[in-house]
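Breakdown of the fold
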Amino acid sequence: EAEVAQSPRYKITEKSQAVAFWCDPISGHATLYWYRQILGQGPELLVQFQDESVVDDSQLPKDRFSAERLKGVDSTLKIQPAELGDSAMYLCASSPGGDTQYFGPGTRLTVL
Amino acid sequence: GDSVTQMEGPVTLSEEAFLTINCTYTATGYPSLFWYVQYPGEGLQLLLKATKADDKGSNKGFEATYRKETTSFHLEKGSVQVSDSAVYFCALTGFGNEKLTFGTGTRLTIIP
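Note that the coordinates shown come from a computational prediction; the quantities given were computed from them, not determined experimentally.

Quick notes on the rules
- Residues numbered from 1 in each chain as written.
- Chains lettered and ligands numbered in written order.
- Predicted model: local features only at pLDDT ≥ 70, side-chain atom pairs only at ≥ 80, totals over all residues.
- Heavy atoms only, no water.
- Core = buried A, V, L, I, M, F, W, Y, C linked by side-chain atoms within 4.5 Å.
- Buried < 20%, exposed > 50% of the residue type's maximum accessible area, 1.4 Å probe, protein only.
- Helix = DSSP H or I, 4+ residues; strand = E, 2+ residues; numbered from the N terminus.
- Contact = heavy atoms within 4.5 Å.
- Pairing = 2+ DSSP bridges.
- Axes fitted to C-alpha atoms, helices over the stretch in contact; angles between N-to-C directions.
- Polar contact = N/O pair within 3.5 Å; in protein donor to acceptor, adjacent residues only side chain to side chain.
- Disulfide = S-S within 2.5 Å.

**Thoughts on the nonpolar core**
- The biggest cluster of nonpolar side chains holds 26 residues, and the ones touching the most others in it are Trp35, Leu47, Leu48, Phe73, Leu75 and Tyr88 of chain B.
- Counting residues per element, the ones that place at least two in this core are strand S2 (11-14), strand S3 (19-21), strand S4 (23-26), strand S5 (32-38), strand S6 (44-50), strand S8 (62-65), strand S10 (86-93) and strand S12 (106-111) of chain B.
- With four residues, the top contributor of residues to this core is S10 of chain B.
- Once residues lying within four places of it in the same chain are set aside, the contact partners of Tyr88 of chain B are Gln6, Ile21, Trp35, Tyr36, Val37, Leu47, Phe62, Leu75, Gly105, Thr106 and Leu108 of chain B.
- Counting 20 residues, the second-largest nonpolar core is a separate cluster that includes Ala82, Ala88, Cys92 and Val111 of chain A.

**Description of the environment of Val4 of chain A**
Residues and elements named next belong to chain A.
- Residue placement: Val4 occurs in the segment before strand S1 (5-7).
- On the basis of relative accessible area, Val4 is assigned to the buried category, the value being 5%.
- Beyond its immediate sequence surroundings of up to four residues, Val4 is in contact with Cys23, Asp24, Pro25, Ile26, Cys92, Ser94, Tyr102, Phe103, Gly104 and Pro105.

**Concerning the sheet that holds S8 of chain B**
All names here are of chain B.
- Strand order in the open sheet formed by four strands is S3-S9-S8-S7, with antiparallel pairing between adjacent strands. Only two strands of the sheet have a single neighbouring strand rather than two, namely S3 and strand S7 (56-59). Within the sheet, the average angular offset between the axes of one strand and its neighbour, ignoring direction, is 15 degrees.
- For S8 and strand S9 (residues 75-77), the ladder comprises three bridges, and the chain directions are antiparallel. Residue pairing for S9: Phe62 is matched across the bridge by Lys77.

**Re the sheet that holds S1 of chain A**
All names here are of chain A.
- Pairing within the open sheet is antiparallel, and its four strands lie in the order S1-S3-S8-S7. Two strands close off the open sheet at either side, each with one partner strand: S1 and strand S7 (65-68). Within the sheet, the average angular offset between the axes of one strand and its neighbour, ignoring direction, is 15 degrees.
- In this sheet, strand S8 (residues 75-79) lies alongside S7 in antiparallel orientation, the contact comprising four bridges. Counted as the bridge partner of Phe65 is Ile79 from S8.

**Notes on the side chain of Gln37 of chain A**
- Relative to the helices and strands, Gln37 of chain A resides in strand S4 (residues 31-37).
- Its relative accessible area of 9% is what places Gln37 of chain A among the buried residues.
- A polar contact of 3.3 Å, which involves the side chain of Gln37 of chain A, links it to the backbone oxygen of Gln41 of chain A.
- Leave out the neighbours within four places in its chain, and Gln37 of chain A touches Gly42, Pro43, Ala88, Met89 and Leu91 of chain A together with Gln38, Leu44 and Phe89 of chain B.

**A word on the state of the cysteines**
- For the structure shown, the criterion picks out two disulfides over all chains.
- Disulfide pairing places Cys23 of chain A opposite Cys92 of chain A at an S-S distance of 1.9 Å. Taking the sign of the S-S torsion, about -70 degrees here, the bridge from Cys23 of chain A to Cys92 of chain A comes out left-handed. One end of the pair, Cys23 of chain A, is in strand S3 (residues 19-24); the other, Cys92 of chain A, is in strand S9 (residues 88-95), and 69 residues separate them in sequence.
- Here Cys23 of chain A falls in the buried class, since its relative accessible area comes to 0%.
- Take Cys92 of chain A: its relative accessible area is 0%, and that puts it in the buried class.
- A sulfur-sulfur distance of 1.9 Å marks the disulfide that ties Cys23 of chain B to Cys90 of chain B. Its S-S torsion of about -70 degrees marks the bond between Cys23 of chain B and Cys90 of chain B as left-handed, since a negative value means left-handed. With Cys23 of chain B in strand S4 and Cys90 of chain B in strand S10, this pair connects stretches of sequence that are 67 residues apart.
- Here Cys23 of chain B falls in the buried class, since its relative accessible area comes to 1%.
- By relative accessible area, which is 1% here, Cys90 of chain B ends up buried.

Set out below in structure tokens:
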């Protein structure tokens, strides 16, 4: 069964450093999402792509976060510089269209 | 905007007990409703969904009915197992919108 891949699974960094997360969606899925899940809370959408275009990035802190999906396949989410409050699980999801999203295992970020 | 209010946890039950996790929502129009499950160390998995009023979603012995009159989508299972221990998230997508809005999650622990 096809799955959404994410790497790394865990990342520890110091504040003010740059970090990057990678996501490979299920083959053929045109829509890709990045969510942030703070401990004890539900995931919140950061950015949504349709192919290589950003559909919704209204909740992305654009002063330090950036996301790209250059060829409309895999995607990278970057934080520069990282802050203590960025410690969270970063989840990637993909969808072939419609209302069902398939989630990857996530990247757990700890900022020291 | 759209929101989901979920029964707070943690919830601890004995094996074979009856489970109910309450979920209510606020949304304009006719949202689609979902339950996702997150096992330890894993990403979110879709458990069940319902897309219109009075629909019942079911999977792995879990059920939830879309109640528009009470804006609710409560999760139930007649006899829980230790393997059901996980965090359960209620979520919705707004009408014409693919973005998932999640509740805060309910941690369920089943004791043998």
